[in-house]
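# Analysis of the macromolecular model
Given next are the chains, with one letter for each unit.
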Amino acid sequence: MAEIGRRSLIAGIAALGAGGCAKFASSETGQSLFDAAENWHRASHRALAGRQALAPEYAPEDRSPTVKGNGSVTVDSDFYRAQLKTGFAEWRLTVGGLVDNPLTLSLADIRALPQRIQITRHDCVEGWSAIGEWAGPQLSVLLDAARIRPEARFILFRCADVLYNRPYYETIDMVDAYHPQTIIAHALNGEPLPEKNGAPLRARIERQLGYKHAKYLTAIEAVASFDDVAGGKGGFWEDLADYQWYAGI
Amino acid sequence: MIRHALSTRAWHWVNAAAFIVLFMSGLNISNAHRYLYWGDYGYDPADAWLKVMRFPGWATLPQHYNLAAARDWHILAAWPFALGLLFIWAAMLANGHFRRDLMTRRSDWTPAGVLASLRSHSPGGTANTGHGYNPAQRILYGLVLGVLLPVMVFTGLAISPGFEPAAPWLVDLLGGRQSARSLHFLAAWGIFGFFVIHAVLALVQWRLIEGMVFGARRQEGQADG
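Residues numbered from 1 in each chain as written. Chains lettered and ligands numbered in written order. Predicted model: local features only at pLDDT ≥ 70, side-chain atom pairs only at ≥ 80, totals over all residues. Heavy atoms only, no water.

Assigned secondary structure in chain B consists of eight helices and two strands. Principal axes of the C-alpha set define a box for chain B whose edges measure 60 × 35 × 35 Å. Burial analysis of chain B (225 residues in total) assigns 46% to the buried set. Excluding contacts between residues fewer than 6 apart, the proportion of contacts in chain B whose partners are at least 24 apart in sequence is 74%. (Helix = DSSP H or I, 4+ residues; strand = E, 2+ residues; numbered from the N terminus. Buried < 20%, exposed > 50% of the residue type's maximum accessible area, 1.4 Å probe, protein only. Contact = heavy atoms within 4.5 Å.)

The following block contains the structure:
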């Protein structure tokens, strides 16, 4: 009898715990506590490492055979398919928003800028990692050329790919925007960026997880806030499934 | 004199709650990519050293697959878990709990010492009648507090890409990010194994749980272990 009592007590506590956890997670207190914990991680990462500290870079022989494509692996439009065949001759990247000198860049313009080549690790939120060599101009070079205004607080990446009927987008803050390893990559392992990895252009945000590295880039915008962009949570996965905005954890 | 210091009791229960949340949300996170690798990279199941089972909903937090929600829990509970470990080590070193009760002596590691300890736990044995930990307890608690719990914290930090630039040597020391992830998984199961044994033994002797809640008095005339 005592045994059964004990066992049902444990089962009862477990059920209570599960129900309580679900209730806590959906409560306002729970949400604000989750947000606070995420912010403490971001603040302590930056305090411990410094704002400019680099993600590790690897030697050519450390690269993985490929870099897995995940999420969107293509763009479902006739324009994209045609551009893919012709090497993206008519693809344009605009740099706008809170800037004094908006830019419209072709791939040739982007390749003509000073390049940063880095062999870095891509970590997916799911848990896997791949290593590849990425090349492209630093985002800071584009932002300086566009003469970003002081009131800009975030950089918004707009993308051509659509998932679940929503266009992909992402936002990062100015610390990551001006980080030396934050580049607009057009090449992977010495070749033009493959379709599954975001051809022709993708962001590399090396100290955060893969979903921040927006692919199929069409526009970069300097914004004061992302509250009014799409779902208001600062990114496609953030809006769709409540992923953490700070993906450095 | 109280058998369990307030610092020990407070940490014990905070840590227990944090571990349960971390373990169950961790199983949910594991379901996102059920393969473990060694080295810096790993994404191809063909390269995995272990294909992990899919953990059922009743074992995970939340009780259905939700990577974002599981990560919310994991990211939150990591704070009391890591800071709590720092706290209890400081407290144990300061109040002598470590030196008195946990630090092993050379004789603890001899087969005779462990055997005698196990014998005292068999029915009719003398274990738990007084104060002081026996060699098996000292080794096991030492392993959990000194190895498994710290490994959990360090491997967790290592697989965080935002923390990595603060201590890239940590990831190298652990053999790369995917190795750190594998070790994170293995240490979690090590702690879970301890948790099960520990909880079963405590449930067999209800009074021990009482002691960990209220402190309990030490018996008169018992020498400190």
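Moving on: the packing of aromatic side chains. Under the counting rule described, the total for this entry stands at 30 aromatic pairs over all chains. With centroids separated by 5.0 Å and ring planes inclined at 20°, the aromatic side chains of Tyr168 of chain A and Phe236 of chain A adopt a geometry described as stacked. You can see Tyr168 of chain A sitting in strand β6 (residues 166-173) and its partner Phe236 of chain A sitting in helix α7 (residues 236-241), a full 68 residues away along the chain. Since its relative accessible area comes to 9%, Tyr168 of chain A is described here as buried. A residue is classified by how much of its surface remains accessible, and Phe236 of chain A, at 1% relative accessible area, is buried. An aromatic cluster is present here, built from Phe19, Phe23, Phe55, Phe185, Trp189, Phe192 and Phe195 of chain B joined pairwise through their rings. Here the basic side chain of Arg204 of chain A rests over the ring of Trp134 of chain A, its NZ or CZ set 4.0 Å away from the ring centre. (Phe/Tyr/Trp six-rings, centres within 6.5 Å; stacked < 30°, edge-to-face > 60°. Lys NZ or Arg CZ within 6 Å of the ring centre and 35° of its normal.)

Residue and element names in this part refer to chain B. Viewed as axis vectors pointing N to C, helix α1 (residues 6-30) and helix α7 (residues 177-204) meet at an angle of 130°, and their least axial separation amounts to 11 Å. The pairing of α1 with α7 is recorded here as oblique in orientation. At the point where α1 passes α7, the crossing takes the left-handed sense. Along the contact surface, α1 presents His12, Phe19, Ile20, Phe23, Leu27 and Ser30, while α7 presents Phe185, Ala188, Trp189, Ile191, Phe192, Phe195 and His198. Looking at the contact of α1 with α7, its residues break down into 10 nonpolar, three polar and no charged. (Axes fitted to C-alpha atoms, helices over the stretch in contact; angles between N-to-C directions. Parallel < 35°, antiparallel > 145°, perpendicular 65-115°, else oblique. Left-handed = near helix turned anticlockwise from the far one by under 90°. Nonpolar A, V, L, I, M, F, W, Y, C, P; charged D, E, K, R; others polar.)

Quick look at the sheet that holds strand β5 (residues 154-163) of chain A now. Residues and elements named next belong to chain A. Taken together, the five strands give an open sheet; going across it, the order is β2-β1-β11-β5-β6, and neighbouring strands pair in mixed fashion. Where the open sheet ends on each side, the last strands, each with one partner, are β2 (103-105) and β6. Put simply, the sheet's adjacent strands are angled 20° from each other on average, direction ignored. Where strand β1 (residues 93-97) and β2 come together, three bridges link them in antiparallel fashion. When the sheet's bridge partners are listed, Leu93 is paired in β2 with Leu105. (Pairing = 2+ DSSP bridges.)

Before going further, it helps to examine the environment of Lys51 of chain B. Residues and elements named next belong to chain B. Mapped onto the secondary structure, Lys51 falls in strand β2 (residues 50-51). Owing to a relative accessible area of 52%, Lys51 belongs among the exposed residues under this scheme. For the pair Lys51 and Arg34, spaced 17 residues apart in sequence, the C-alpha separation works out to 5.8 Å. Residues within four places of Lys51 in sequence aside, it is in contact with Arg34 and Tyr35.

Remember that the coordinates give geometry; whether it matters functionally is a separate question.
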